[in-house]
Structure formats: structure tokens, C-alpha cells
Amino acid sequence: MNHFTPLRKHRVLSGAEKSAILFLCLGEARGGALMQQLDVGEIRKITRAISAMGEVAAEVVEEVMREFGEKMSSYGGITGSVEAARGLLKGFLPEDRVAEILGEIEDSATGNLWGDLSQLDEKILADFLRQEHNQTVAVILSRIKADAAAKVLPLLGQERAVDLIERMVAMEALPSEALRGIEESLRRDVLAKAGRNAEAETEKQLVMVFNKLDSNVFEGLSRELEKKIPEKFRAIKQKMFIFSDLIELKPNALAKVMREVTGKTLPLALRGAEKELRDHFLSSLPARSRDMLEEEMRAMGPVRTRDVKQAQSELVEAAIRLARDGEIDLPSGEDEDLIG
């Protein structure tokens, strides 16, 4: 994979680049034999130079060879590439070590693109791959980590998966220009989108955290956050759905929410509710159920504020869960974005 400008005349070459040119001129057999005399650090530097070199003009080769005391004007130009480096290394290193060295170099050159893709949620990556040609998908699956590919492949369907595997088995070396195009598309269309999704997920997480906080704690945090990050904090508050918002639900929707909780949750939540909200809950129930709930509330005796907050939080979570499943509508469109 070559992401660098071809070496031209007048560019000052590093020692590793000069050595790389020499090894390419020697070829796989003689170059590989000579490289065996080097230590691992030197091999790594030269391999990196070979992989990134691209086309080298004949006059540059001549200048380098002149330094080694041998005129090479008849040799012509040479081309450095990952495959050229692979051929040299395979002459004296085991295949797994060759793959490791070249993998490190490719990760460095691409900003660890394939590693980043391997960490993505498989559904996000699968959504992108469904829109791509199978040959492109096969290239991507052959380069991401095996466990990531194993998660993505079933999401593409069995028929397509069979075709992709066939293409991966028959795959040959991809031209560097084509590979660069795939990499640029992945950065633009997948990683950038994943970054935006991560920001939205963080915001949703904060909304849920704030919903669970004690009101006094939340008020204290709010005063500071409104000073330091006013715009972002206002956006989060607009998406918050709290217990008092349940008063906006219609009776049939509120009844569904109440049926989602069990045990002492409902009477405990209503014991600490404002009278208007408590009456709204009770009016959404049939007469017999309302009487039983009121009796249960009277029999509870003193309750702890912490337990009331927890019970109210469970009702809020039940409402959000029902809205997510399409069973009810929350009172604000912003809240629907929260749970979508």
C-alpha cells in the first residue's frame, strides 16, 4: 500500500531509503540473503521504506548505486511496494513474522483504519457494507480482524456471505489506488458517522443519568453546567423525560405504564408525587383498581425519599421502553429522539 509521492531527483533520501533501493535492485534472492545479516530494528526500517517508496526514477537509483561504488545506469527504474517488501522478507523470515511486520507498517500508514473498523458495532459496519459491491466488501472483510468479520458476515445474509467467501478465497493483490479509494470511503462514510453516533449515544446516556439523580443533586449540577456548557446542557435538558412529565400522558397510555411495574413500585412512587400528578394517575384507573391503590398507599406508613425516587425512576423507564416499542407516544418529539 503506497500513500507517498514517488521518489524523484533532488529529494534528500534517508539511509533507510537508500538501503531499500539497494535491496530492491538486488532482488528477492540476493536481497533476502543480505538482509539476514541485519538486526530486527534495521529490517523494520528498511521494510517500512520499501513499502512506502512507490516508483523510483532511474536517475535516483543511479545516484544511490554510485554511493555504493557501482554504476547502475543500465538497470533502469525500480518500484517499491508492500508486495516487494513481502518478497524480500519471505526469503528468510517465517510467514507469520512477515505478516506481523507488514501489518504494523500498514496500520501506521493508514492510521490504524482497519483496527478502528474492527472496533465498530457490527450493525453499523453491516449497514454500510450492504450498500457496497461484493468485491469491495470482500476486501474489507479480509482486512478487519477475524472476530469482527465473523460478527458482520451473518448480518449480510447467507446467500451473500457465500459469494463473499468465494471472493475472499480467490482474491489477488489489489492495486494501491483502488485500496486507497476504499480506505477514503471507509473513513468518510463509516468512521465519521460512527463518531457522530457515539456523540449521540453519550448524550442519551447523560439524559438517563440525570433522570435518575436526586432532584437536589441535579439542581446543584445544573447551576454549574449552565455556566460552563450552556448550549450542550440545554440540549440535554430538552431531551430529559422525568416523572412529572407523566402528567402529559393520556389516560390509556398512563394505564399501560402502570401495568409495566410490579409490587410496591406504583404506590411508593405516588406517595411522593404532587397531588395533581397523583390524581392524574388515579383517574386513569378503573374504580376498583383505584380504590385498591389508594388503600395500599394509606397502609404503607412512612417511606424513604430514596425509595420513592427509585420507584418513580422505574415508571419513567417503563414509559420510555413502551415508547421505544411503539406502544405509547411520549409528550415531546425530542423525547422520541432520545429513545429511537
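Note that this is a predicted model, so its numbers are computed, not measured. Residue positions are counted from 1 within each chain, in the order its sequence is given. Two thresholds apply to this predicted model, a pLDDT of at least 70 for residue-level local features and 80 or more for giving and counting side-chain atom pairs, whereas whole-chain, interface and lining totals are computed over all residues. Excluded from the side-chain calculations are hydrogens and water; all other atoms, namely the structure's heavy atoms, are used.

With respect to the packing of helix H8 (residues 134-143) against helix H10 (residues 158-169)
To obtain an axis, a line is fitted to C-alpha atoms, over the contacting stretch when the element is a helix, and the angle between two such axes runs from 0 to 180 degrees between their N-to-C directions. Put simply, DSSP H or I for four residues or longer makes a helix, DSSP E for two residues or longer makes a strand, and each gets a number counted from the N terminus. Between H8 and H10, the least distance of the axes is 9 Å, while the angle of their chain directions is 70 degrees. Relative to H10, H8 is oriented roughly perpendicular. Crossing angle aside, the handedness with which H8 passes H10 is right-handed. Here Asn 134, Gln 135, Val 137, Ala 138, Leu 141 and Ser 142 of H8 come into contact with H10, specifically with Arg 160, Asp 163, Leu 164, Arg 167 and Met 168. In this count, Pro and Cys sit with the nonpolar residues alongside Ala, Val, Leu, Ile, Met, Phe, Trp and Tyr, while Asp, Glu, Lys and Arg are called charged and the others, Gly among them, polar. For the contact of H8 with H10, a count of residues per class yields 5 nonpolar, 3 polar and 3 charged. An angle below 35 degrees is read as roughly parallel, one above 145 as roughly antiparallel, one from 65 to 115 as roughly perpendicular, and any other as oblique. Whether a crossing is left-handed or right-handed is set by the direction in which the near helix is turned from the far one by less than a right angle, anticlockwise for left-handed and clockwise for right-handed. Residue contacts follow a heavy-atom distance rule, with two residues in contact if any of their heavy atoms lie within 4.5 Å.

Looking at the confidence of the model for the protein
Interpretation of this model should avoid reading the predicted coordinates in detail wherever pLDDT is low. Across the protein, the average pLDDT comes to 75, with 71% of residues at or above 70. What pLDDT reports is the predictor's confidence in each residue, on a scale of 0 through 100. At the level of individual helices and strands, the protein shows its lowest average pLDDT in helix H19 (residues 333-339), which scores 40, and its highest in helix H15 (residues 265-271), which scores 91. Counting interchain partners and residues more than four positions distant, the pLDDT-below-50 stretch residues 107-111 has 9 contacts. Across residues 333-340 the pLDDT falls below 50, and counting only partners more than four positions away or on other chains, this stretch makes 18 contacts in the model.

What about the nonpolar core?
As a rule of thumb, soluble globular proteins bury nonpolar side chains together. To form a nonpolar core, buried Ala, Val, Leu, Ile, Met, Phe, Trp, Tyr and Cys residues must be joined to one another through side-chain atoms within 4.5 Å. When a residue's accessible area, from a 1.4 Å probe over protein chains only, is under 20% of the maximum for its type it is buried; when over 50% it is exposed; and in between it is partly exposed. Counting 31 residues, the largest nonpolar core has Phe 243, Leu 246, Val 257, Leu 266, Phe 281, Leu 315 and Ile 328 as the members making the most contacts within it. Of all the secondary-structure elements, those providing two or more residues to this core are helix H14 (251-259), H15, helix H16 (275-283), helix H17 (287-298) and helix H18 (305-324). In terms of residues, this core owes the most to one element, H18, which gives 9 residues. For Val 257, the contacting residues outside a window of four places in its chain are Leu 249, Leu 315, Ala 318, Ala 319, Leu 322 and Ile 328.

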